Amino acid sequence: MRAFQCRGCGTVVFVPEEAPDPLWCPLCRLGLVEVHLEPPPNLKQWHCPECGADFWMQPNEAPYKCAYCNYTFPSTERRLFEEKL
Ligand SMILES: [Zn+2]
Ligand SMILES: [Zn+2]
């Protein structure tokens, strides 16, 4: 797995080795930089129903947008809290 960290909020997104680079942060939509990080064992998988991409994030984080396309994930309680940013 490869890890990408957001230039803005520091969120880390994990994608499979063979997957293309994610385009932007699922939380704030800023650009991502590839980082060398061992994936934690309890990552949570997210699947985008729009473009079919799979990506992984920390279990306490929920994406706002897909890391690859413009799909918006349904709101969660966690998301409402994040809207205060
Ligand atoms: Zn971000
Ligand atoms: Zn997508």
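What you are looking at is a predicted structure, and each value in this text was computed from that prediction instead of being measured.

## A short note on the overall build of the chain
Line of reasoning, step 1. A tally of helices and strands in the chain yields one helix and five strands.
Line of reasoning, step 2. For the chain, the sequential pattern of α-helices and β-strands runs β-β-β-β-β-α.
Line of reasoning, step 3. Buried positions account for 19% of the 85 residues belonging to the chain.
Line of reasoning, step 4. Considering only intrachain contacts with a sequence separation of at least 6, the fraction spanning at least 24 residues in the chain is 35%.

## Observations regarding the pairing of strand S2 (residues 12-15)
Line of reasoning, step 1. Pairing of strand S1 (residues 2-6) with S2 involves four bridges; the strand directions are antiparallel. Bridge pairing links Gln-5 to Val-12 in S2.
Line of reasoning, step 2. Taking the residues that link successive antiparallel strands as the turn, the S1-S2 hairpin has five residues, and the phi of Gly-10 there is positive, at about 85°.

## Remarks on the nonpolar core
Line of reasoning, step 1. In this structure, Val-13, Cys-25, Leu-32, Phe-55 and Ala-67 are the most contacted members of the largest nonpolar core, which totals 13 residues.
Line of reasoning, step 2. When contributions to this core are tallied by element, the ones reaching two or more residues are S1 and S2.
Line of reasoning, step 3. Take this core: its biggest share by element is three residues, from S2.
Line of reasoning, step 4. Contacts of Val-13, omitting those with residues within four sequence positions, involve Phe-4, Pro-22, Pro-26, Leu-32, Phe-55, Met-57 and Ala-67.

## A word on the pairing of S1
Each regular strand shows side chains that alternate between the opposite faces of the sheet.
Line of reasoning, step 1. With four bridges joining them, S1 and strand S3 (residues 32-35) adopt antiparallel strand pairing. For Gln-5, the partnering residue across the bridge sits in S3 and is Val-33.

## Comments concerning unusual backbone geometry
Line of reasoning, step 1. Here the phi dihedral of Arg-29 falls at roughly 70°; this positive angle occurs in a residue that is not glycine.
Line of reasoning, step 2. Along the chain, Arg-29 turns up in the loop between S2 and S3.
Line of reasoning, step 3. With 15 C-beta atoms packed within 10 Å, Arg-29 lands in the partly exposed category.

How each quantity is defined
The numbers attached to residues start from 1 for each chain and follow its sequence in the written order. Chains carry letters from A onward and ligands carry numbers from 1 onward, assigned in written order. It should be noted that, the model being predicted, local features are given only for residues of pLDDT at least 70 and side-chain atom pairs only at 80 or more, the latter also being counted only at that level, while totals for whole chains, interfaces and linings use all residues. Secondary structure elements are defined from DSSP: runs of H or I of at least 4 residues count as helices, runs of E of at least 2 residues count as strands, and each element is numbered from the N terminus. In this scheme the burial state of a residue depends on its C-beta neighbours within 10 Å: 20 or more other such atoms mean buried, 12 or fewer mean exposed, and anything in between means partly exposed; the C-beta positions come from the backbone. In this description, a residue-residue contact is defined by the distance between C-beta atoms placed from the backbone, which must lie within 7 Å. When DSSP finds at least two bridges between two strands, those strands are taken to pair. Any set of buried Ala, Val, Leu, Ile, Met, Phe, Trp, Tyr and Cys residues joined through C-beta atoms within 7 Å is what this text calls a nonpolar core.

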